[in-house]
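Report on the structure
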Amino acid sequence: MSSAAALPQHIHSTGDLPKVAWAKGSYVYDVDGKQYIDGSGGPAVYCIGHSNPEVNGAIKEQLDRIAHGYRYNFSSDALEELTEIIRRRCGGTLNNMVYVTGGSEAVESCLKLALQYHAANGEMSRRRFIARERSWHGNTLGALSVSGFLERKRAFEGSLLDVSRLSPANSYRPVAGATAKTVGEACAKELEDEILRVGPEKICAFVFEPVVGAAGGCVPAPEGYAKRVRDICDKYGVLLISDEVMCGAGRTGTWRALEQDGVEPDIMSVAKGLAAGYLPLGAAIYTDRVADVIHGKHGAPMTGHTFTGHTACCAAGVAVQKIVERERLVERVHAMEGKLRSMLVEATKGIEAVGDIRGRGFFQAIELVADRTTKKPFGAERKLFMKIRQRAFDNGLICYPVGGNVDGVNGDVVILAPPYNVTDDELVEIVDKTAASIRQVLKAEGLA
Ligand code: PLP
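Values in this document were obtained by computation on a predicted structure and should not be read as measured data.

We now examine the overall build of the protein. Of regular secondary structure, the protein possesses 14 helices and 17 strands. Taken against the 2.2 N^0.38 rule, which gives 22 Å for 448 residues, the C-alpha radius of gyration of the protein at 21 Å falls within 12% of a compact globule. In terms of its C-alpha atoms, the protein occupies a principal-axis envelope of roughly 60 × 60 × 45 Å. The buried share among the 448 residues of the protein stands at 56%. Across the protein, every contact between residues at least 6 apart in sequence was considered, and the portion connecting residues at least 24 apart equals 71%. Considering the protein, the positive charge centre built from 53 side chains and the negative charge centre built from 55 side chains are found 2 Å apart.

In structure tokens form, the structure reads like this:
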């Protein structure tokens with residue numbers, strides 16, 4: 001059976017896929033020996049590159065002792081060490097966690113922790129979530145409900161939670177009446193207006209990605225936005241949930257993405273970069289204030305799964321995070337942000353369709369537009385982002401093009417999320433191949 005036949009006929013199906021054989025560092029090889037440079041760490045996951053012997057060794061060592069100590073029977077060295085590392089990296093009062101095996105489960109757990117917090121506080125009326133358009137929080141029903149990604153939700157409408165939805169906070173595409181400078185305040189005001197419209201006593205939490213990933217294309221929170229939403233949430237007793245599944249764990253140049261905005265959320269999710277794809281791992285992390293209420297009333301979070309705190313997964317997370325810390329990779333990402341941005345600007349010079357280049361750290365995106373002045377996107381029927389993905393693949397580059405960032409249907413963005421330890425030469429190859437692939441597709445489409 002071909003790999004395409006085994007795939008669901010998804011709207012974004014990539015058709016016949018090559019079979020992966022092995023990988024080392026920033027390079028992946030298929031069974032035919034074709035080499036690909038991993039410019040996006042897959043979907044912003046493989047943050048220390050592939051086949052790291054130290055991580056593989058740590059996993060094997062753990063497997064040789066015990067793969068999985070079930071959470072109701074045992075704690076483990078790996079789990080306790082990982083908890084200490086995450087506490088240290090988060091700083092502040094984010095000292096409590098529920099471990100899971102991926103991003104959707106992490107977000108789902110964040111939502112449940114927020115609901116449980118209000119229940120423990122005796123405020124059972126606080127059941128409603130507020131989230132934003134052009135956001136992606138995952139594929140489980142709760143996480144999908146708070147997501148603002150039309151194409152991924154359409155088939156499930158009718159069975160999703162009723163969620164209040166706000167405009168995306170995007171300096172390149174400010175809401176009507178706002179500018180790049182005022183969009184943060186305008187979007188924060190939308191949050192306050194919605195809380196007041198529904199009634200603060202009914203609002204459980206506001207959920208957002210500090211740097212929007214797949215649904216927007218590396219859109220950082222506008223200046224001042226995160227602090228304002230923090231204040232508004234505090235004013236009305238609403239919890240602030242930061243979804244850092246994609247932008248967290250160092251990807252944007254600080255371990256927590258919101259650290260750069262000077263904000264501590266009440267609850268946050270982390271996943272992709274935590275164990276860097278070596279094994280599935282995620283976490284919902286919550287503050288002592290939230291923990292005091294939940295633990296005080298109910299003893300423990302009423303969420304978790306069979307594989308919560310899976311020992312080998314935690315061992316993978318510990319090994320990855322030790323490397324990230326020892327080699328000062330988050331600091332490296334922060335220091336190299338400007339360089340990567342300048343390289344992208346330089347390499348795409350003269351491509352009229354490049355409307356915006358944005359992001360934070362090693363989480364950068366190029367947005368393509370049909371008209372730079374009006375910022376009008378190319379029509380969705382062109383599936384430009386899909387063609388760029390395929391062309392890049394043919395050229396031996398893995399990048400992460402996404403569509404629908406403008407209105408849920410139209411828009412084309414190419415995301416790059418290289419490993420934190422990518423070499424200078426590899427970075428040049430990634431940037432050059434990205435620009436070349438975009439140029440080739442635009443030319444083939446008669447758009448350049
Ligand atoms: N949250 C964000 C911000 C994401 O980018 C993703 C996945 O891309 C998820 C949640 C869901 O994570 P997963 O695909 O691991 O379930």
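Once the structure has been displayed, the description carries forward.
On to the confidence of the model for the protein, then. Low pLDDT marks stretches whose predicted atomic positions should not be read closely. Per-residue confidence for the protein gives a mean pLDDT of 95; residues scoring 70 or more make up 97%. Confidence drops under pLDDT 50 across residues 1-13; counting only partners more than four residues distant or on other chains, this segment forms 18 contacts.

Taken in spatial order, the seven strands line up as β4-β12-β11-β10-β7-β5-β6 in an open sheet, and their pairing is mixed. Across the chains shown, the open sheet's two edge strands, defined by having one partner strand only, are β4 (96-100) and β6 (164-166). Strand-to-strand twist in this sheet, taken as the mean axis angle between neighbours without regard to direction, amounts to 20°. Where strand β11 (residues 267-270) meets strand β12 (residues 282-286), four bridges bridge the pair, whose relative direction is antiparallel. Paired with I267 across the two strands is Y286, which belongs to β12. Where helix α4 (residues 77-90) meets the sheet, its contacts fall on β4, β11 and β12, and the angle it forms with β4 comes to roughly 125°. Taken strand by strand, helix α9 (residues 225-236) contacts β5 (128-132), β7 (203-208) and β10 (239-244), and its axis lies near 170° from that of β7.

A positive phi angle, near 60°, is found at A44, a position not held by glycine. Residue position: A44 is located in helix α2 (residues 41-44). Residue A44 is classed as buried on the basis of its relative accessible area of 4%. Of note in the backbone geometry, K383 takes a positive phi value of approximately 45° without being a glycine. Along the chain, K383 falls in the loop between β14 (363-368) and α13 (384-394).

Here we take up the sheet that holds strand β16 (residues 400-403). Sheet architecture is open: four strands sit in the order β13-β14-β17-β16, paired in antiparallel fashion. Two strands in the sheet have a free side with no partner beyond their single neighbour: β13 (354-360) and β16. Direction aside, neighbouring strands of the sheet carry axes that sit 20° apart on average. Both β16 and strand β17 (residues 412-416) contribute to a ladder of four bridges, which runs antiparallel. Note that in β17 the partner of G403 across the bridge is D412. Those strands touched by helix α12 (residues 329-347) are β13, β14 and β17, and its axis lies near 165° from that of β13. The strands that α13 touches are β14, β16 and β17; relative to β16, the one it contacts most, it runs at about 165°.

A few words now on the packing of aromatic side chains. Enumeration over the complete set of coordinates arrives at six aromatic pairs. Considering the side-chain rings of W136 and F149, the 5.8 Å spacing of their centres and the 85° angle between planes classify their relative orientation as edge-to-face. In this pair, W136 sits in the loop between β5 and α6 (141-146) while F149 sits in the loop between α6 and α7 (150-153), placing the two residues 13 residues apart along the sequence. According to the relative accessible area criterion, F149 is buried, its value standing at 5%.

Across all of its chains, the model carries one cavity of 30 Å³ or more by this definition. Within this model, the largest cavity holds a volume of roughly 60 Å³. Considering the residues around the largest cavity, the lining is formed by R132, R134, P168, A169, N170, V212, G216, V219 and N405. Tallied by class, residues from the lining of the largest cavity come to four nonpolar, three polar and two charged.

Moving on: the layout of surface pockets. Its boundaries defined by the atoms lining it, the second largest pocket holds a volume of some 410 Å³. Lining the second largest pocket we find 19 residues, and of these R71, L79, M97, V98 and T308 sit closest to its centre. Those elements that place two or more of their residues in the lining of the second largest pocket are α4 and β4. If you tally residues by element for the lining of the second largest pocket, the top one is β4, at four residues. Counted by class, the lining of the second largest pocket contains nine nonpolar, eight polar and two charged residues.

Under the defined criterion, the tally for this structure stands at 27 salt bridges. Salt-bridge contacts for D64 lead to K60; the nearest nitrogen and oxygen are separated by 3.0 Å. Residue D64 and its partner K60 are both found in helix α3 (residues 53-65); the two are separated by four residues, about one turn of the helix. Ionic pairing is found between R173 and E367, a salt bridge with its closest N-O pair at 2.7 Å.

Looking at the element boundaries, S437 is found in helix α14 (residues 424-444). Once residues lying within four places of it in the same chain are set aside, the contact partners of S437 are R391, A392 and N395.

Moving on: the domain arrangement of the protein. Split by domain assignment, the protein resolves into domain 1 (3-51 + 328-444) and domain 2 (53-326). One C-alpha centre belongs to domain 1, the other to domain 2; they are set 25 Å apart. Roughly 3700 Å² is buried in total at the junction of domain 1 and domain 2, and carbon and sulfur atoms are behind 56% of that figure. The largest share of the area that domain 1 buries against domain 2 comes from V330, R360 and F363, three residues that together contribute 21% of it. The interface formed by domain 1 and domain 2 contains two salt bridges. Where R360 meets D261, a salt bridge forms, and the shortest distance between an N and an O atom there is 3.1 Å. Our count for the contact surface shared by domain 1 and domain 2 stands at 20 residue pairs in polar contact (both at pLDDT 80 or more). Where the side of domain 1 that touches domain 2 is concerned, the elements lending two or more residues are α2, α12, β13, β14, β16 and β17.

Rules of the game
Residues numbered from 1 in each chain as written. Predicted model: local features only at pLDDT ≥ 70, side-chain atom pairs only at ≥ 80, totals over all residues. Heavy atoms only, no water. Helix = DSSP H or I, 4+ residues; strand = E, 2+ residues; numbered from the N terminus. Rg over C-alpha atoms; globule rule 2.2 N^0.38 Å. Buried < 20%, exposed > 50% of the residue type's maximum accessible area, 1.4 Å probe, protein only. Contact = heavy atoms within 4.5 Å. Lys, Arg positive; Asp, Glu negative; His and termini not counted. Charge placed at Lys NZ, Arg CZ, Asp CG, Glu CD. pLDDT = per-residue confidence, 0-100. Pairing = 2+ DSSP bridges. Axes fitted to C-alpha atoms, helices over the stretch in contact; angles between N-to-C directions. Phe/Tyr/Trp six-rings, centres within 6.5 Å; stacked < 30°, edge-to-face > 60°. 1 Å grid on protein atoms, 1.4 Å probe; cavity = no way out; pocket = protein on both sides within 12 Å on 5 of 7 lines; lining within 4 Å. Points joined across faces, edges and corners; volume = space filled by probe spheres on them. Nonpolar A, V, L, I, M, F, W, Y, C, P; charged D, E, K, R; others polar. Salt bridge = Lys/Arg side-chain N within 4 Å of Asp/Glu carboxyl O. Domains from an automatic or database assignment. Buried area = accessible area lost by both parts, 1.4 Å probe. Polar contact = N/O pair within 3.5 Å; in protein donor to acceptor, adjacent residues only side chain to side chain.

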